[in-house]
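In case you want the letters, here they are:
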Amino acid sequence: MSFDSYELSDRKKSILKAIVEAHIKLGEPVGSKYLMQEGNIPYSSATIRNEMAELESLGYLEQPHTSAGRIPSELGYRFYVDTLVSQYDNTTREAGELKKLLSVKQAEIDKILENATKVASAMTNYTALSLRPRPSSITIKRYEAVYLDPRSILIVMIASGSDSVKTRNIKLPFDVNEGLVRCLTEVLNICLTSISINEMNISVMVDMENYLETKSTEDKKLCAELVSIIVKSIYETMNELGSEIKFEGVNRLLDYPEYKNLDKLQKMISAIESKEDIIKAVSTIDQSDDETKIFIGSENMVKIMDDSTLIYKNLKLGGKTIGAIGIIGPCRMDYSKVLATIDRLSEEINNMSSLDALPETIFRNESEEK
């Protein structure tokens, strides 16, 4: 999904901005009459209608019914977020809620994340989530590759410490046999056990390739390709292991007509309760990235969120990442307010103190693994 900001005139931009903000407020299609009366658009009704029709033809608007007004498309929301969204100023009450975060004991990272999630949900009236990052010391102590059929294998991984078991059903782009799968099990257990996610780099891959060279199998090249595919899946799984995600304000989904469909609501709640798909989605974001990430509609990795928006930002304390916070809501969410809330939360937390001066107990999950 892309756009060229130069293809829209200032008039089109102002009309698109007014439509997005009116739809966020009303939840209904927006017509030219409303824009003239309430949107402070200084153009005639005919001009507005023509511009709306052109915005629709360009893909920025949609018309749900023949005689109805327009609503923003995913492209329209993306253009608004990247180009048109206005700066939101926190109210005195909201600023006070944010300040309450400073009253918690600074050593209690979990408490900071819990409070941040509650504040974010209460201030935005959307569902909030927080993610505690995985302990970097987690490793896999045993692997088992199970042959299912020529194009499918099951990878079983037993993690260190807690002995938690993760499985991945992997579809392959080429045929394999049981001998190759046995070879894979051997390679993984020789080369990838007791390796943390931070140690999974190119040198590990070279070691695996060198080990494969010692094998007499005629399918060494195919096994090397298989290993490359499996290592990517193992990396993703280790990224999820140890991550702890919490939600606040799930009931707020009911406040929006986008979630009134019972079947869709049940699937969304199921995704939230199972957590795995959402953890997998947010775990792909670089923990060192300071930018606020915005996933609109089909940009989300979780299919059931294809008409929702996820806004997500890593949280730092004294410059070090302690977790992340996110907001889930309809595509027509109040982006200005949500972005301001998340940015302000991030700023307040980062200014609390330096982690270097805090007790080691804040990393209790990691210390338990060591």
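Residues numbered from 1 in each chain as written. Predicted model: local features only at pLDDT ≥ 70, side-chain atom pairs only at ≥ 80, totals over all residues. Heavy atoms only, no water.

## A look at the pairing of strand β4 (residues 140–149)
Basically, it comes down to this: Following DSSP output, two strands are said to pair if at least two bridges run between them. Helical segments are the DSSP runs of H or I of at least four residues, strand segments are the runs of E of at least two, and each set is numbered from the N terminus.
Across 8 bridges, the pairing between β4 and strand β5 (residues 152–159) is antiparallel. By the bridge assignment for β5, Y143 is matched with M157.

## Quick word on the confidence of the model for the chain
Operational definition: The pLDDT value expresses, per residue, how confident the predictor is, ranging between 0 and 100. In this description, contact between two residues means that some pair of their heavy atoms is separated by no more than 4.5 Å.
For the chain, the average pLDDT comes to 81, and 83% of its residues sit at 70 or higher. Across residues 354–370, where pLDDT falls below 50, the model places 28 contacts with residues more than four positions away in sequence or in other chains.

## Points about the sheet that holds strand β3 (residues 127–132)
Keep this limit in mind: To get an axis, fit a line to the C-alpha atoms, keeping to the stretch in contact for a helix; angles then go from 0 to 180 degrees between the N-to-C directions.
Strand order in the open sheet formed by 5 strands is β7-β3-β10-β9-β8, and the pairing between neighbours is antiparallel. This sheet does not close on itself; its edge strands, each paired only once, are β7 (244–248) and β8 (293–296). Across the sheet, the axes of successive neighbouring strands diverge by a mean angle of 20°, strand direction being ignored. Pairing between strand β9 (residues 308–317) and strand β10 (residues 320–330): 10 bridges, direction antiparallel. Bridging across to β10, I311 finds its partner in I327. Sitting on the sheet, helix α12 (residues 335–350) touches β8, β9 and β10, and the angle it makes with β9 is about 15°.

## Overview of the pattern of salt bridges
Using the following cut-off: Basic side-chain nitrogens of Lys or Arg form a salt bridge, by our definition, when they fall within 4 Å of a carboxyl oxygen of Asp or Glu. Only protein chains enter the accessibility calculation, which uses a 1.4 Å probe; a residue is then buried when its area is under 20% of its type maximum, exposed when over 50%, and partly exposed in between.
Applying the stated rule across the entire model yields 16 salt bridges. Here E299 makes a salt bridge to R78, at a shortest N to O gap of 2.6 Å. Note that E299 is positioned in the loop between β8 and β9 and R78 in helix α4 (residues 74–84), a separation of 221 residues in sequence. For the salt bridge of K267 with D263, the shortest nitrogen-to-oxygen distance reads 3.4 Å. Here D263 and K267 lie together in helix α10 (residues 262–274), a separation of 4 residues that amounts to about one turn. The class of D263 is partly exposed, set by a relative accessible area of 42%. Ionic contacts of the salt-bridge type, sharing partners, join the residues R11, K12, E51 and E54 into one network.

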